[in-house]
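Now for the letters of each chain:
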Amino acid sequence: MLKELSLSTPHDCADCPIRHRAVCARCDADELELLDDIKYYRSFQAGQTVVWSGDQMDFVGSVVSGIATLTQTMEDGRTQMVGLLLPSDFVGRPGRDGSAYDVVATTDLVMCCFRKKPFEKMMVDTPHIAQRLLEMTLDELDAAREWMLVLGRKTAREKIASLLSIIARRDATLHLRPAKGKLVFDLPLTREAMADYLGLTLETVSRQISALKRDGVIHLEGKRHVTVPDLDRLLIEAGDDSDGGVFA
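Let me begin by describing the structure that accompanies this report. (Residues numbered from 1 in each chain as written. Predicted model: local features only at pLDDT ≥ 70, side-chain atom pairs only at ≥ 80, totals over all residues. Heavy atoms only, no water.)

A closer look at the packing of helix α4 (residues 156–174) against helix α5 (residues 191–198)
Then step 1. Running from N to C, α4 and α5 cross one another at 115°; their axes reach a closest spacing of 11 Å. On the basis of the axis angle, α4 is roughly perpendicular to α5. Once α4 is placed against α5, the crossing between them reads as right-handed. Touching Lys-159, Ile-160 and Leu-163 of α4 are Met-194, Tyr-197 and Leu-198, all from α5.
Then step 2. Among the residues making up the contact of α4 with α5, the classes are represented as five nonpolar, no polar and one charged. (Axes fitted to C-alpha atoms, helices over the stretch in contact; angles between N-to-C directions. Helix = DSSP H or I, 4+ residues; strand = E, 2+ residues; numbered from the N terminus. Parallel < 35°, antiparallel > 145°, perpendicular 65-115°, else oblique. Left-handed = near helix turned anticlockwise from the far one by under 90°. Contact = heavy atoms within 4.5 Å. Nonpolar A, V, L, I, M, F, W, Y, C, P; charged D, E, K, R; others polar.)

Here it is in structure tokens:
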């Protein structure tokens, strides 16, 4: 069952926490008004499936809050997490009828959805939307290629540091804070979900997080509240450049 939307769910684009990063980021007032006519919000509980692979989608939209996973199931029933959807990420493909992946809410999730056919028409009539969606798609492609390197070539410690740096930089950008120096954020993934995404065992994830904490690369309060005293040091642990790459 879909959850009722909370009172904190934004209903006005001006109050939207992802407005500066979403597909509508460059829309003017008239364009936002047109989008508002085809917009609605949906809320999902953690663990709930947003859409199954192969299902026909009658909407596209952006993650407003929470995190979802993209998962693909192989013929023998095994599943592989192939991507994360963080706030401001876009769900669905205009011009395609169905979903290529299972989309599952990892945490409680709020999405700003647009009816698909009217949105596709707006892409033709509104260059700002088409241009922004192209930029987001290219960023997603760059991120996927970078993630191939993370999964294929990095050590377990580098994988954990890479994932933490991705989430830390995205959180800073969403809250309009500089993605440098000291960063504080809440880790939205359980260690089990991190293990699944990174292709590691739960024990390895826990061991590497403990090692990063012991070495002062991160500080933890509980299991989720993370402080990164120096982002540059975390990026070095991840084997990345200090410029933050495509994930900032």
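Brief notes about the packing of aromatic side chains
Then step 1. The tally for this structure, following the rule as stated, stands at two aromatic pairs.
Then step 2. For the pair Phe-114 and Phe-119, a centre-to-centre distance of 5.5 Å together with 25° between the ring planes defines the contact as stacked.
Then step 3. A residue is classified by how much of its surface remains accessible, and Phe-114, at 3% relative accessible area, is buried.
Then step 4. Clustering of aromatic rings is evident, with ring pairs tying together Phe-90, Phe-114 and Phe-119.
Then step 5. For the cation-ring pair, Arg-42 lies above Phe-59, with the distance from its terminal atom to the ring centre recorded as 5.3 Å. (Phe/Tyr/Trp six-rings, centres within 6.5 Å; stacked < 30°, edge-to-face > 60°. Buried < 20%, exposed > 50% of the residue type's maximum accessible area, 1.4 Å probe, protein only. Lys NZ or Arg CZ within 6 Å of the ring centre and 35° of its normal.)

Here's the deal with empty space enclosed by the protein
Then step 1. This model, assessed by the stated rule, comprises two cavities of 30 Å³ or more.
Then step 2. By volume, the largest cavity is sized at about 110 Å³.
Then step 3. Lining the largest cavity are 14 residues, with Cys-13, Cys-16, Cys-24, Cys-112 and Phe-114 sitting closest to its centre.
Then step 4. Those elements that provide at least two residues to the lining of the largest cavity are β1 (39–44), β3 (59–65) and β8 (109–115).
Then step 5. Looking at the lining of the largest cavity residue by residue, the class counts come to 11 nonpolar, one polar and two charged.
Then step 6. Considering only enclosed or pocket space, the second largest cavity measures out at about 30 Å³ in volume.
Then step 7. Around the second largest cavity, the lining residues are Leu-164, Leu-187, Arg-191, Ile-209, Ile-218, Leu-220, Lys-223 and Val-226.
Then step 8. Each residue belonging to the lining of the second largest cavity can be placed in one class, and the counts come to six nonpolar, no polar and two charged. (1 Å grid on protein atoms, 1.4 Å probe; cavity = no way out; pocket = protein on both sides within 12 Å on 5 of 7 lines; lining within 4 Å. Points joined across faces, edges and corners; volume = space filled by probe spheres on them.)

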